[in-house]
Amino acid sequence: MSKSTEKTAIYKNPEVPLDERLDDLLNRLTLEEKLTQMLYYSYAIGRLGIKEYNWWNECLHGVARAGVATVFPQAIGMAATFSPERLYRVASAISDEARAKYNEFQRHEDRGIYKGLTFWTPNINIFRDPRWGRGQETYGEDPYLTGRLGVSFIKGLQGDHPVYLKTAACAKHFAVHSGPESERHEFNAVVDLKDMYETYLPAFRDAVKEAKVEAVMGAYSRVNGEPCCASKTLIQKILRGEWGFEGHYVSDCGAIEDIHQHHQLTNSPEESAAMAVNNGCDLNCGRVFEHLKTAVEKGLIAEDTIDKSVRRLLRTRFKLGMFDPQEMVPFNDIPYELNDCEKHRQIALETARESMVLLKNEGLLPVDKRGLKSVAVIGPNADSKQVLLGNYFGLPSKYVTILEGIQEAVGDKTRVYYAEGCALGETPESFWGNPPTTGFAEALAAAERADLVVMCLGLSPEFEGEEGAVANSDGGGDKSDISLPGFQLELLKAVQRTGKPIVLVLLNGSPVELNWAAENVEAILEAWYPGEEGGTAVADIIFGDYNPAGRLPLTFVKSLEQLPPFRDYSMKNRTYRYLEEEPLYPFGYGLSYTKFEYSNLSINSKKIAISDDTDLTIKVDVENTGEVAGDEVVQLYISLQERSISLPKWQLNGVKRVHLKTGEKRNIEFHIKPRQLAVVDEKGRYLLKEASYRIYLGGQQPDERSKKLTGQGVLYQDIELTGKTMELVD
């Protein structure tokens, strides 16, 4: 083909409809060339001007693994903000940095791994069990909250341009996936249709149908016998059939190899590759799709099927602007100076503040630092940079540890003592006789001289995370129990015996057992893995420069004895929706330095005819009756009062985070869709049934434990649905 002809090729003409451009480019590719585009390290095709492209990139809470970038709080911390608006703002900042870095990488001809625009984020799996090491990557245990936050994050990443994607987001890991990490390559998650459609799938449905997510990643494991990266049920029936997903599907890394190596459902790489692509998996993070040519030759897969996958992949690259003139794509102008900038550092600080959950406060907080002569900051997480970052992180140019944040906050007039106290995990007695408690004496000396003790305990990414990446996990990435590792509890008890007031700051990505601390420590602050400005945020809350309002996005149980076995994927006795025993700290719980009162709950109709356009509007007044301004997290729960099948006790169906000045009152409004009133039956159908429903509104769950912890209840009213049962179809 001559150069003059090539210049006018249809696929290069941005004025031509996208489908025609795709047809033209696809028709120019040989089979071998098509197959090179289905690997995460896709090849350049010089004769057509297709550049080399690596599809693998990550941005769980900031652009990851590609050098310097702003590091926001870990995903579970962002979930604790209970604020879709906050997650949208964070994701928009991340996508700015992603484009800024990509533009510079392209300019320097760097097209390697973690340098592209296709981000395998967010992780919207349900955090069903506190033992799961990757739960920190999720938005918690609730399907509704996960869906709202996931949609906002995806929209922030992908942008709102009518033609081009800012970046391409990817919802993972589809589906029914939350451990065990050590068995993920051969594990078969057995789940009934009710739990699947009621709990494990809703956030993915929201991502596809509402956020228009560009990609979905399959999990390593099987679901009811089918490998997630080659599942006819998950990919063809549900994702593409029921939900109409038009984007591309990518395997988790090495998951196609698992089909023959570990699941043992096929006998060769070419059979696994064919099985995956025949069932709708388009892109291989791995190398098994290198065997697709053999699969075609053996008749295991047709070239027409290959074409469908390549077309979907090319569509994503077109939508990212990779085949259009540079000047036509507005995101190509985002300058490198936006990366790791002061504006984004401020967003990281704001997000960290909003993420932190005050679990207990017996009048100790906030502390007036003006009369504070000395503070002891004690614990293995006090001066740790690692615990600020969680997993899947970038490298901030500036870190603020808890110790540094407190030192900066109190200034030179207050003496700050520091002692590590003990290692984060248990260490054996040294060769020369040093016991694991060797740091206790220094910690006690610091505490004895202080007016206030800040204990920084918890976990770290070395103790929980992904299989193969966690040095000190006792469960292949997961935790075998939820106690504080090593001698941390003993250190806390020793310091508590000094009689000094203690603020316990927890840095962790999952619940830890806190029964003793809940009874014996004056204040407990859950700080998660709080990002680069974590230390500043903790100090702001301790000294009253910020009023905490975070809420737990998952249940803190008293012990694992309250839960089923880890490998059991039934929702029975899991999460706040089905938990049978009283937890220590409930989902949706968190304290404030002020008080909020709810009044005038109203519903536009108390008796509603069953219809697929049912309009339910709920309003409530919220007033800050305390002495300081602050945020309130308004939560709406719905409960079906008549139970013919197993149903959640109640379920979150609305959330709004609002800022109220002292004495300020605001009317908050929720609109409930028919699907939110539907009952999921044993066949996974969403049914609107004649029944009585109770609508709860307040700053917490309508449970007795939350009421006891906060001293407040919630408002509620009953409504009735009347008429013939109706199935809601996607």
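Residues numbered from 1 in each chain as written. Predicted model: local features only at pLDDT ≥ 70, side-chain atom pairs only at ≥ 80, totals over all residues. Heavy atoms only, no water.

Student: Pulling in residues and values, what's your account of the layout of surface pockets?
Tutor: Taken as a whole, the largest pocket encloses approximately 850 Å³ of empty space. Together, 33 residues line the largest pocket, and Y144, Q651, N653, R675 and Q676 are the ones closest to its centre. Elements supplying a minimum of two residues to the lining of the largest pocket: α6 (143–158), α8 (202–209), β18 (630–640), β19 (651–660), β20 (665–672), α22 (674–677) and β21 (679–680). Looking at the lining of the largest pocket element by element, the count peaks at five residues for β19. (1 Å grid on protein atoms, 1.4 Å probe; cavity = no way out; pocket = protein on both sides within 12 Å on 5 of 7 lines; lining within 4 Å. Points joined across faces, edges and corners; volume = space filled by probe spheres on them. Helix = DSSP H or I, 4+ residues; strand = E, 2+ residues; numbered from the N terminus.)

Student: Before we move on, could you go through the sheet that holds strand β24 (residues 715–722) and cite the residues and values that matter?
Tutor: A sheet is described by the order of its strands in space; here five strands give the open sequence β16-β24-β23-β18-β19, paired in mixed fashion. Both edges of this open sheet fall to β16 (607–609) and β19, since each of them pairs with a single strand only. Put simply, the sheet's adjacent strands are angled 25 degrees from each other on average, direction ignored. The pairing of strand β23 (residues 691–698) with β24 spans seven bridges and is classified as antiparallel. Bridging from a neighbouring strand, Y693 pairs with I719 of β24. (Pairing = 2+ DSSP bridges. Axes fitted to C-alpha atoms, helices over the stretch in contact; angles between N-to-C directions.)

Student: Can you explain unusual backbone geometry? Please cite residues and give values.
Tutor: For the bond running from G179 to P180, omega is 0 degrees, close enough to zero to count as cis. Summarising the element assignment, P180 is placed in the loop between β3 (170–174) and β4 (188–189). For the bond running from L365 to P366, omega is -5 degrees, close enough to zero to count as cis. Positive phi, normally seen in glycine, also occurs at R65, with a value near 65 degrees.

Student: Which residues make up the state of the cysteines, and what are the values?
Tutor: One pass over the structure, following the stated rule, counts one disulfide. The side chain of C253 participates in a disulfide bridge whose partner is C285; the two sulfur atoms lie 2.1 Å from each other. On the sign convention where negative means left-handed, the S-S torsion of about 90 degrees between C253 and C285 marks this disulfide as right-handed. Of this pair, C253 sits in the loop between β8 (248–251) and α10 (255–261) while C285 sits in the loop between α11 (269–278) and α12 (292–297), and the two are 32 residues apart along the sequence. Considering cysteine sulfurs only, C253 is the nearest to C170, which forms no disulfide, with 10 Å between them. Among the cysteines around C281, which has no disulfide bond, C229 carries the closest sulfur, lying 5.3 Å off. Given the relative accessible area of 0%, C281 is considered buried. (Disulfide = S-S within 2.5 Å. Buried < 20%, exposed > 50% of the residue type's maximum accessible area, 1.4 Å probe, protein only.)

Student: Report on helix α7 (residues 193–200), specifying residues and quantitative values.
Tutor: Within α7, seven of the eight residues are buried, leaving the element largely enclosed by the surrounding structure. Taken together, the buried positions of α7 are occupied by K194, D195, M196, Y197, E198, T199 and Y200. Put simply, D192 is the residue that caps the front of α7, since its side-chain oxygen is 3.2 Å from the backbone nitrogen of K194. (Polar contact = N/O pair within 3.5 Å; in protein donor to acceptor, adjacent residues only side chain to side chain.)

Student: Report on the confidence of the model for the protein chain, specifying residues and quantitative values.
Tutor: Residues of the protein chain with pLDDT of at least 70 account for 99%, and the chain-wide mean is 96. For the protein chain, the element scoring lowest by mean pLDDT is helix α1 (residues 3–7), at 48; strand β14 (residues 523–526) scores highest, at 99. Note that pLDDT drops below 50 for residues 1–6; the model gives that stretch seven contacts with residues more than four away or on any other chain. (pLDDT = per-residue confidence, 0-100. Contact = heavy atoms within 4.5 Å.)

Student: Could you give me a rundown of the side chain of E181, with the residues and numbers involved?
Tutor: Here E181 lies in the loop between β3 and β4. The exposure class assigned to E181 is buried, which follows from its relative accessible area of 0%. Looking at E181, its side chain comes within polar contact range of the main-chain nitrogen of E467, at 2.8 Å. Other than its neighbours up to four places away in sequence, E181 contacts W132, R134, G465, E466, E467, G476, G477 and D478.

Student: Talk me through the pairing of strand β12 (residues 452–458); I want residue IDs and the actual numbers.
Tutor: Of all seven residues in β12, seven are buried; the element is thus mostly enclosed. In terms of strand pairing, strand β10 (residues 374–378) meets β12 through four bridges, oriented parallel. Bridge pairing in β12 links I378 to M455. Sheet analysis places β12 next to strand β13 (residues 502–507), joined by six bridges and oriented parallel.

Student: Got a sec to walk through the sheet that holds β14? Specific residues and values, please.
Tutor: Taken together, six strands build an open sheet; the order of strands is β9-β14-β13-β12-β10-β11 and the sheet is mixed. Edge positions in the sheet fall to β9 (357–361) and β11 (415–419), since each has one partner strand and no second. Neighbour to neighbour, the strand axes of the sheet diverge by 15 degrees on average, direction disregarded. Pairing analysis gives four bridges linking β9 to β14, with the strands arranged antiparallel. Paired with N361 across the two strands is A523, which belongs to β14. Lying on the sheet, helix α17 (residues 440–448) is in contact with β10, β11 and β12; it crosses β10 at an angle near 155 degrees. The strands touched by helix α18 (residues 488–496) within the sheet are β10, β12 and β13, with β12 carrying the most contacts at an inclination of about 170 degrees.

Student: So what's going on with the side chain of N653? Which residues, and what values?
Tutor: Here N653 is to be found in strand β19. Of note is the side chain of N653, whose polar atom sits 3.1 Å from the backbone oxygen of Q651. Once you skip the residues sitting within four places of it in the chain, N653 turns out to touch Y144, L636, Y637, I638, I672 and Q676.

Student: Any chance you could break down the environment of S602 for me, citing the residues and the numbers?
Tutor: Here S602 is to be found in strand β15 (residues 596–603). Taking the C-alpha atoms as reference points, S602 and V190, 412 residues apart in sequence, are found 42 Å from one another. If near-sequence neighbours (up to four positions away) are discounted, S602 is found in contact with T617, I618, K619 and Q717.

Student: Summarise the environment of V622; cite the residues concerned and give the values.
Tutor: Within the secondary structure, V622 is located in strand β17 (residues 616–624). Taking C-alpha positions, V622 is 55 Å from H262, a pair spaced 360 residues apart along the chain. In contact with V622, other than residues within four places in its own chain, are F596, E597, Y598, E632, V634, L660, E664, K665, R666 and I668.

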